Structures are given as structure tokens and as C-alpha cells.
Number of protein chains: 2
Amino acid sequence: MREVFHQSLEDVQARLVEISELVAEAIDKATRAFGTSDVALAEEVIEADDIIDEKAIALDELAIEILARQQPVARDLRIVVSALRVSASLERMGDIAEHIAQLTRMRFPERAIPRGLKSTFTKMGELDVEVARQLTELLRTEDHSLIDLIRNADDELDELHASVFEKVLSDSWKGEAAATVDATLASRYHERFADHAVSVAKKVLYLSTGDWTTVDSAVAGQPGGA
Amino acid sequence: MREVFHQSLEDVQARLVEISELVAEAIDKATRAFGTSDVALAEEVIEADDIIDEKAIALDELAIEILARQQPVARDLRIVVSALRVSASLERMGDIAEHIAQLTRMRFPERAIPRGLKSTFTKMGELDVEVARQLTELLRTEDHSLIDLIRNADDELDELHASVFEKVLSDSWKGEAAATVDATLASRYHERFADHAVSVAKKVLYLSTGDWTTVDSAVAGQPGGA
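This is a predicted model, so every value here is computed, not measured.

K.L.:
I keep staring at the overall build of chain A and nothing clicks. Help me out?
P.N.:
What chain A contains, in helices and strands, is seven helices and zero strands. A compact globule built from 226 residues would reach a C-alpha radius of gyration of about 17 Å, and chain A, at 19 Å, matches this within 12%. Seen through its C-alpha atoms, chain A measures out along the principal axes to roughly 65 × 35 × 25 Å. In chain A, buried positions account for 57% of the 226 residues. Taking all contacts inside chain A whose residues are at least 6 apart in sequence as the whole, residues at least 24 apart take part in 82%.

Written out as C-alpha cells, the structure is:
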């Protein structure tokens, strides 16, 4: 019985890692599609999001089944509850990758990246891909040193996000309204993606401490979002 | 023991209703502050968001304690798991109210509502307040007829959201970049708020059916978001 139970927990973890890998792939493709106006690649991301959603639902069902059948306590209970929270965040991250792909498709054959912001968005995309890969590794290994890396990347993304608004609101900005809208949305999506990664990192930290309040002070500065 | 348990479940429900009431108050004040550039009211919303966050964390702790101590099964288990999910959505809704308040504060003493979009944003604000109140009632009564009302309001908000972009991207739009940014963000916030409400409604429906897949087909068309 205990063995069956620990197999279930390993299954939960393996599925989280799998979903996180799909999210990393989605954001990688989405940012490449966004950067190069590759509408076929954008379509791939949009289609693949259904798979992420389905896998998140299946994981939630497994977690609820474990709660019902095996009635875990202590750390085991925390693992299952955290899995429910993490899957929700990963699913949102997949949605954001899809939104970036949708922006690409919406503007095609025009470029979705507003003129003058190419290097900023390239950097934002790279950071998001990096964050998604670190998150996968964190879920696989629970290596806490990755939490700081994710947090640092999130800080950098917050700064880039602020710089997009500075640029758009400066006198030198010559973009049309469409470019302003695209810059605003794309920047917000990139920034939110990393927020969710920090949120998952907090949940992994919670697994170790069992205390949300210490987690909140340890991983500070996650700006709320929509 | 069973009685203690049912008291705990009632406590969970009462706390969800309480948080939902705070969210309804927050979005009401936030949209009034946004409409009238009332920066004092905006500050109130920003400060009160900490209370929503704390109450959501406390509720999650209670839910986890119930899972550990009382090991609920069947419908009772679903109630507790749903509470964890619902509290996360309510917390995000509170964050969104805060963001709308922050937009108001950021533009003060200028108006945050871009010229030409006042009636649209007034309507969006009214719909969000209505949705938040219906959601509180749904959590209190589990009256499923409210789910359709919430879904209809969400559809209306999606249309208004699309109309904001139409306006901003039309030739007649004379707004500066700041107005375009504000319109984009404010519209997205208003639309996302109702998305989260639909998401909570789905969780309430799940309580009755126990099946996420039927829920997904019953409450269709929730656009993914960030």
C-alpha cells in the first residue's frame, strides 16, 4: 500500500515535470514566432495549448483521487495540494504562450514586434524561456538554488516591462496605436509569465517549509497581476 | 466528530463568501475611483487588497488542515479542493481591482479613462461589479441560475473588450500613447476579472457534478488569459 502510494506521488511529480516541459516548449516557440512573424509556428503553439490544458486537468483528477483513496498527511499531503496549485499556474503559463502566439497571428503579415522594441522583446522572450526551463528543473530536482535564478529573471523582466512603458510614453515614440497596443499587451504577457513561475517556485518552497507565511517573506516582490 | 467536520466545511464556505464580498467591494470602489479619478478611493482599494490576500492564505491553511485531520471523501473532499481553487481565483480578482486602482493613481490628477471611452468603461465597471455580487450569491446559495448570468455578463465584457480595441485602432482615434496604454490595460483588467468569475462558477458547478470535463463543455468559451 505504501509502495503504491509513493508510486502515485512520483507519478504526480513526473506529470508536473512533463507539463512544465510542454510550457517551456510553448514559450520558446511563441517567442520565436513573435520575433520572426512565423505564423505557422504560432499556430503550432495555439494548437498545442489544448494538450497542456488536458494534461493539467488529468493531473488534478489524479491528485483528487490520491486525496480520496490514500488520505495522505504531513509532507505527502503538501505534495498533493501543491501539485494542484502548480498545475493551475503551469496552465496559465501555457495560456500566456498562446496569447503571444495569437498576437503574432493577429498582426500577420505585419510584424507584431513594434519598431524600436525588438531588442527589448528578444530579451524578454529569452528570459521567459530561461525561466520556464529553470522551473522544469526545479520541479524535477527541488534544487532551491534555482528559485533565486527564477526570481532574478523575474526582476529583470519587471525592469524590461517598465522600460517598454517608458519608451511608449516618451516623446520619441512614433508608433501608431496598433503598435502601442501590441507593445502593452506583449510586455504584460512576458512579465506575467515570469510572475507565474515565481508563484510556482513559492509553492515548491512551501513543500520544504510547510508554511506559506515564510514563503511569502522569502520570495518577496511578486507583483500581483491579472 | 462528524459535527465538528461539518462545522469546518461551513466555516470554509462562510470564509469564501466573506472574501468574495471583499472582492465585490474592491471592484466597486476601484471602478468608481477609475471613473471619477478619486485617488483617495483608489488608495483604499490598494490597501484593502492585503486583507483579501491574508484571508485567502488563512482559508487555504484551514482547507489543508481539514484535509489532514478529517480526511474527507466524496463530495466533502470536492468542497475542500474547490475551496482551494476558488480562493486562488478570488485572490486574483482582488489583484485586478487593485490594478485598476493603481491605474487611477498613476494618472492622477489626469483622468485614467481615455477620452471617447467613458461610457464603455462605465459599462465594463458596472458589469464587473454585478458579476462579483452574483458570484458572492452563487457561493452563498449554490443557485446555478446565477452561473448563466455570470456567463452572459462575461460575454458582454468580451464584446466591450473587443470594441475598445476597435476604437483604439480606428482612424478616428486621436488618443496619445498614454491613453492607448491605459485603454489597453484597463480593458484587459475588466475582461479578465469576469473570466476569473466564470472560472469560479465552473468550480461551483464541479461541486455538483464532480466531473471537470462536463464542466468544461457546460461553461464554454472562457478565453484564456494571463
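K.L.:
What should I look at first to understand the UniProt feature "domain: PhoU" (unreviewed entry) in chain A in this one?
P.N.:
All names here are of chain A. As recorded in UniProt, the feature "domain: PhoU" (unreviewed entry) lies at residues 17-103 and 122-204. Here residues 17-103 runs as 94% helix and 0% strand, with 27 Å between its end C-alpha atoms. From the first C-alpha to the last, residues 122-204 spans 29 Å; its make-up is 88% helix and 0% strand.

K.L.:
Whenever I open this one, the relation of the copies chain A and chain B confuses me. Can you help?
P.N.:
In this structure, two copies of a chain are linked by a rotation about an axis accompanied by a shift along it. When chain A is fitted onto chain B, the two copies agree to an RMSD of 0.0 Å after a turn of 180 degrees and an axial shift of 0.0 Å. Taken together, these values place the two copies in the relation of a two-fold axis.

K.L.:
Is there a simple way to think about the interface of chain A and chain B in this case?
P.N.:
Think of interface size as the accessible area that goes away when the parts come together; that is how it is often given. Residue-level contacts link 38 residues of chain A with 38 residues of chain B. With both sides pooled, the region where chain A packs onto chain B buries about 3200 Å², and carbon together with sulfur makes up 66% of that total. Along the contact surface separating chain A from chain B lie two salt bridges. As a salt-bridge pair, Asp60 of chain A and Arg85 of chain B come within 3.3 Å of each other at their nearest N and O atoms. If you look at where chain A meets chain B, you find three residue pairs in polar contact (both at pLDDT 80 or more). Of all the secondary structure elements, the ones that give two or more residues to the side of chain A that touches chain B are α2 (39-70), α3 (74-107), α5 (145-169), α6 (177-209) and α7 (212-218) of chain A. Its residues assigned to classes, the side of chain A that touches chain B comprises 22 nonpolar, seven polar and nine charged.

K.L.:
Would you take a moment to explain the packing of α2 of chain A against helix α3 (residues 74-107) of chain B for this structure?
P.N.:
Packed helices, taken two at a time, are described by the angle their axes make and the gap between the axes. Packing of α2 of chain A against α3 of chain B brings their axes to within 11 Å, and their N-to-C directions diverge by 135 degrees. Classified by the interaxial angle, the pair formed by α2 of chain A and α3 of chain B is oblique. As for the relative orientation of α2 of chain A and α3 of chain B, their crossing is right-handed in sense. Touching Asp60, Ile64, Leu67 and Ala68 of chain A of α2 of chain A are Leu77, Val81 and Arg85 of chain B, all from α3 of chain B.

K.L.:
Help me out: how do you make sense of the packing of aromatic side chains in this one?
P.N.:
Two descriptors summarise a pair of aromatic rings, namely the distance from one centre to the other and the angle between the planes of the rings. All names here are of chain A. A full pass over the atoms with the stated rule returns two aromatic pairs over all chains. Aromatic pair Phe34 and Phe121: ring centres 5.7 Å apart, planes at 80 degrees, arrangement edge-to-face. In this pair, Phe34 is assigned in helix α1 (residues 2-36) and Phe121 in helix α4 (residues 118-141), connecting sequence segments 87 residues apart. There is no split in this pair, since Phe34 and Phe121 are both buried.

K.L.:
Even after reading the chapter, I still don't get empty space enclosed by the protein, so can you show me in this structure?
P.N.:
Counted according to the given criterion, the structure contains one cavity of 30 Å³ or more. Considered as a void within the structure, the largest cavity measures approximately 40 Å³ in volume. Every residue lining the largest cavity is listed: Leu67, Gln71, Pro72 and Leu77 of chain A together with Leu67, Gln71 and Pro72 of chain B. Split by residue class, the lining of the largest cavity holds five nonpolar, two polar and no charged.

K.L.:
Even after reading the chapter, I still don't get the pattern of salt bridges, so can you show me in this structure?
P.N.:
Charged atoms that come close allow side chains of opposite charge to pair. Residue and element names in this part refer to chain A. Under the criterion given, the structure shown has 34 salt bridges over all chains. Residue Asp28 is joined to Arg133 by a salt bridge in which the shortest nitrogen-to-oxygen separation is 3.8 Å. One end of the pair, Asp28, is in helix α1; the other, Arg133, is in helix α4, with 105 residues separating them in the sequence. Residues Arg188 and Glu191 are paired through a salt bridge, measuring 3.6 Å at the closest nitrogen-oxygen approach. Of this pair, Arg188 and Glu191 both sit in helix α6, three residues apart, which is roughly one turn of the helix. Here the two residues Arg188 and Glu191 agree in accessibility, since each one is buried. One salt-bridge network, in which partners are shared between bridges, spans Glu21, Glu137 and Arg140.

K.L.:
Is there a simple way to explain unusual backbone geometry in this structure?
P.N.:
Most of the time, phi is negative for any residue but glycine, and the peptide bond is trans. Residue and element names in this part refer to chain A. The omega angle of the peptide bond from Phe108 to Pro109 is 5 degrees, so this bond is cis rather than trans. Relative to the elements of secondary structure, Pro109 occurs in the loop between α3 and α4. If you check the backbone angles, Ser37 has positive phi at about 55 degrees while not being a glycine. Topologically, Ser37 is positioned in the loop between α1 and α2. Overall, the relative accessible area of 12% leaves Ser37 in the buried class.

So, how was this worked out
- Residue numbering note: each chain is counted from 1, following its sequence as written.
- To read the labels, note that chains go from A and ligands from 1, taken in the order they are written.
- Owing to the predicted nature of the model, reporting of local features is limited to residues with pLDDT of at least 70; listing and counting of side-chain atom pairs is limited to 80 or more, with chain, interface and lining totals taken over all residues.
- Water and hydrogen atoms play no part in the side-chain values, which are based on all heavy atoms of the structure.
- By definition, any uninterrupted DSSP run of H or I lasting at least four residues is a helix, any uninterrupted run of E lasting at least two residues is a strand, and each is numbered from the N terminus.
- Here the radius of gyration uses the C-alpha set of atoms, whereas the globule reference equals 2.2 Å times the residue count to the power 0.38.
- For every residue, the accessible area obtained with a 1.4 Å probe (protein chains only) is divided by the maximum for its type, and the residue is called buried under 20%, exposed over 50%, and partly exposed between those limits.
- Contacts are residue-level and defined by heavy atoms, with any inter-residue pair within 4.5 Å sufficient.
- UniProt positions are given in the numbering used here, feature names are shortened, and annotations may be inferred rather than shown by experiment.
- For this overlay, a least-squares fit was computed on C-alpha atoms, restricted to residues scoring pLDDT of at least 70 in both copies.
- Buried area counts how much accessible surface, traced with a 1.4 Å probe, disappears from two parts once they are put together, with both parts' losses summed.
- Counted as salt bridges are all cases of a side-chain nitrogen of Lys or Arg within 4 Å of a carboxyl oxygen of Asp or Glu.
- Polar contacts here mean pairs of N or O atoms no more than 3.5 Å apart (in protein, one a potential hydrogen donor and the other a potential acceptor; neighbouring residues in sequence count only if both atoms are side-chain atoms).
- Charged residues are taken to be Asp, Glu, Lys and Arg, nonpolar residues to be Ala, Val, Leu, Ile, Met, Phe, Trp, Tyr, Cys and Pro, and polar residues to be all remaining types, Gly included.
- All axes here are fitted lines through C-alpha atoms, helices being fitted over the stretch that makes contact, and every angle between N-to-C directions spans 0 to 180 degrees.
- For classification, angles of less than 35 degrees are called roughly parallel, those exceeding 145 degrees roughly antiparallel, those between 65 and 115 degrees roughly perpendicular, and all remaining angles oblique.
- Each crossing gets its handedness from the near helix: less than a right angle anticlockwise from the far helix is left-handed, clockwise is right-handed.
- In this scheme Phe, Tyr and Trp rings, the latter by its six-membered ring, pair at centre separations within 6.5 Å, and the angle between planes marks the pair as stacked below 30 degrees, edge-to-face above 60, and tilted otherwise.
- For each structure, a 1 Å grid was placed over the protein atoms alone; sets of points admitting a 1.4 Å probe that cannot get out are labelled cavities, open sets with protein on both sides within 12 Å along at least five of seven lines are labelled pockets, and lining residues have an atom within 4 Å of a point.
- Grid points are joined across faces, edges and corners, and a volume is the space filled by probe spheres set on the points.

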